[in-house]
Amino acid sequence: MNILFLTNVPSPYRVDFFNELGKQCDLTVLFETHSAKSRDSKWKAEEFKNFKGVFLKGIRCGEAEALCPGVLKYLNRRHFDCIIVGMYSSPTGMLAIEAMRLKKIPFNLNSDGGIVKEESEIKRKFKQHFIAVASKWLSTGRGTTEYFKYYGANPKRIFVYPFTSVFEKDVLKSPVNEMEKKLLREKLDIPEEQVVLSGGQFIPRKGYDLLMKSCEGLDKNIGVYIVGGEPTEEYMSLKDKLHLTNFHFLPFMKHENLADYYKAADLFVLPTREDIWGLVINEAMAFGLPVLTTNKCVAGVEMIDGNGAVYPVDVNWGQVIEEWIKKNDKSCRKSLDIASYYTIENMARVHIEILLNR
């Protein structure tokens, strides 16, 4: 099977997926740009091993999008059995969709996630114009499926796949015991008795200001460790103002180093105001952690099932963290069970099954 996949940038998790998918088909991936503007220089893709990667030339139009007219020469049904558009909201994605609509070329629309928001009728119609014309839709779950349906997708042609950045080998076989956690905390110089971990950029959307403000009275024996690069002056000032001596900001780190923090933690928290997915949820579950997040995190809504909880954005995080710590919750086995389905290998396998399902 010859597959053409259009996306924006070669982020590491996408390259991992494409390398896995390329084991099962002849895969060509078109990238709009080389990288996203806001990403750390260490955030880069590994080698393209099992697929042909093509960087289109064009005019950059946003954070990670560009207008690349060169995409048009690839849209030929004689060369590819399946075409997948992964960035339908970018200028290149819209150009490709419009061209395929006019030429009556069938294509599949892939989405990492989707949240229906209040918007004008004109904007809704504009989105519907590009989303509804696909022949098949690849969804990450219930929320994304409702999003597709809202914009005119045929419910009978929507297929769900497990979205992730985690390999099978990265999912622990069993939960980390208390003795191992204690030894890891000593190794990492963690002074607190319990550890709450989080991960993400220090930007307003991630909600770390909400987490900090609601944790002013958090028990000092509970340490909160946020891995997300260099915090801005705003976050540093807020930490000092609230005397959050048990809050620690950690730099971006490689997977093998971050793994020790996941294993040393008791709980994972993502206080996001909005995440179209939230891959850190997958990663936390792969290490057997119970997860707390908001109802604006698609990954949390899809993956949390007895192994954590989903709250409104304005919840008192300090209170719910202490409640979960006191529970000494044993739901980590459930996190591992769920994570074992959400693997890159399974993500690629399900994609092939969907594409073969005519």
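Residues numbered from 1 in each chain as written. Predicted model: local features only at pLDDT ≥ 70, side-chain atom pairs only at ≥ 80, totals over all residues. Heavy atoms only, no water.

**Q** Quick one: what's the story with the nonpolar core, residue by residue and with numbers?
**A** In this structure, Leu-211, Phe-268 and Ile-321 are the most contacted members of the largest nonpolar core, which totals 91 residues. If we ignore the near neighbours within four places in the chain, the residues touching Phe-268 are Leu-197, Ser-198, Gly-199, Tyr-262, Val-280, Ile-281, Ala-284, Leu-289, Pro-290, Val-291 and Leu-292. Residues Ile-83, Met-94, Phe-130 and Ile-158 belong to the second largest nonpolar core, which totals 31 residues. (Core = buried A, V, L, I, M, F, W, Y, C linked by side-chain atoms within 4.5 Å. Buried < 20%, exposed > 50% of the residue type's maximum accessible area, 1.4 Å probe, protein only. Contact = heavy atoms within 4.5 Å.)

**Q** Hey, could you go over empty space enclosed by the protein for me, with residue numbers and the actual values?
**A** The tally for this structure, following the rule as stated, stands at two cavities of 30 Å³ or more. Estimates place the volume of the largest cavity at around 60 Å³. Considering the residues around the largest cavity, the lining is formed by Phe-5, Tyr-13, Arg-14, Phe-17, Phe-18, Asn-110, Asp-112, Tyr-161, Phe-163 and Met-347. At four residues, the largest contribution of residues to the lining of the largest cavity is made by helix H1 (residues 12-21). Contributing to the lining of the second largest cavity are Leu-4, Phe-5, Leu-6, Leu-30, Val-71, Leu-75, Ile-83, Ile-84, Val-85, Ala-96 and Met-100. Residue assignment for the lining of the second largest cavity shows that the elements contributing at least two residues are strand E1 (2-7), strand E6 (82-85) and helix H2 (91-103). (1 Å grid on protein atoms, 1.4 Å probe; cavity = no way out; pocket = protein on both sides within 12 Å on 5 of 7 lines; lining within 4 Å. Points joined across faces, edges and corners; volume = space filled by probe spheres on them. Helix = DSSP H or I, 4+ residues; strand = E, 2+ residues; numbered from the N terminus.)

**Q** Describe the packing of aromatic side chains, and please don't skip the residues or the numbers.
**A** Under the definition given, this model contains 25 aromatic pairs. Arranged with centres 6.4 Å apart and planes meeting at 40°, the rings of Tyr-225 and Tyr-261 form a pair that is tilted. On the criterion of sequence distance, the pair formed by Tyr-225 in strand E11 (residues 222-227) and Tyr-261 in helix H8 (residues 255-264) is long-range, its members being 36 residues apart. You'll find Tyr-225 and Tyr-261 in the same group, each marked buried. Taking 4.8 Å as the distance between ring centres and 5° as the angle between the ring planes, the aromatic pair formed by Tyr-262 and Phe-287 counts as stacked. Placement of the pair is Tyr-262 in helix H8 and Phe-287 in the loop between helix H9 (279-286) and strand E14 (291-294), with a sequence separation of 25 residues. Judged by its relative accessible area of 6%, Phe-287 falls in the buried class. Clustering of aromatic rings is evident, with ring pairs tying together Phe-5, Phe-17, Phe-18, Phe-31, Phe-48, Phe-51 and Phe-55. Taking NZ or CZ as reference, Arg-124 lies 5.8 Å from the ring centre of Tyr-150, over its face. Here the guanidinium or amino end of Lys-239 rests over the ring plane of Phe-249, the centre of that ring lying 5.6 Å away. (Phe/Tyr/Trp six-rings, centres within 6.5 Å; stacked < 30°, edge-to-face > 60°. Lys NZ or Arg CZ within 6 Å of the ring centre and 35° of its normal.)

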